[in-house]
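# Residue-level structure breakdown
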Amino acid sequence: MDPLKAFDIEFIKLKDEEHVLDWSIDNSFFEAFKSSLTTKAIQLHLVLIKSTNMFTLDFTIQGSVDVACDRCLTDIQLPISAEQQVVVKITDFPKENEDDLIYLTPHDYKINIAQHVFDFIALSLPIKKTCDSAGQTCDSAVTSKITSTIDVDVPESDLVDED
């Protein structure tokens, strides 16, 4: 079974009111995107507010992602947190979708939010993923090996002895 099918929302069946949906995201989600990211648990909380010709999707994502430190390659768990909103308009004359605005035709009956969730998780990660971001210190054996091989100035405060 396709793990991303769980993120289909058949909005045509919903009444014009507020709906709350929750998902637990695991590794199968990232495997479906052929991503190197892994997780122990990410919670997705979605508030869908539907009206006649449009609805809003308010995403709240909390959890942690397992990544390798960019400096010492130690596996670390980075906390992630994201809040995003996407507006979906139903119109006979759809335009090109934008980042936070999706156009659907009146013939559409469902929307899959998996790609949006993946993008929000990816965007919540820092560009530089280091042990510092996870509240840890880099492996001094690896960082000293790197700094001795290449000409890099590393402040003494970044080097920690493990003795």
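Calculation rules
- Residues numbered from 1 in each chain as written.
- Predicted model: local features only at pLDDT ≥ 70, side-chain atom pairs only at ≥ 80, totals over all residues.
- Heavy atoms only, no water.
- Pairing = 2+ DSSP bridges.
- Helix = DSSP H or I, 4+ residues; strand = E, 2+ residues; numbered from the N terminus.
- Salt bridge = Lys/Arg side-chain N within 4 Å of Asp/Glu carboxyl O.
- Buried < 20%, exposed > 50% of the residue type's maximum accessible area, 1.4 Å probe, protein only.

## A few points about the pairing of strand β3 (residues 38-50)
As paired strands, strand β2 (residues 18-25) and β3 are joined by eight bridges and run antiparallel to one another. Across the sheet, the residue bridging to Trp23 is Leu44, located in β3. Of the strand pairs in this sheet, β3 and strand β4 (residues 54-68) are connected by eleven bridges, and their pairing is antiparallel. Each bridged residue has a counterpart across the sheet, and for Lys50 the counterpart in β4 is Phe55. The hairpin turn running from β3 into β4, its antiparallel successor, is three residues long.

## Some thoughts on the pattern of salt bridges
Inspection of every chain in the model, using the stated rule, returns six salt bridges. In this structure, Asp8 and Lys110 form a salt bridge, with 3.4 Å as the shortest nitrogen-oxygen distance. Of this pair, Asp8 sits in strand β1 (residues 8-9) while Lys110 is found in the loop between β6 (101-104) and β7 (111-112), placing the two residues 102 residues apart along the sequence. Residue classification places Asp8 among the partly exposed residues on the basis of a relative accessible area of 22%. Via salt bridges that share partners, Lys5, Asp8 and Lys110 belong to a single interconnected network.

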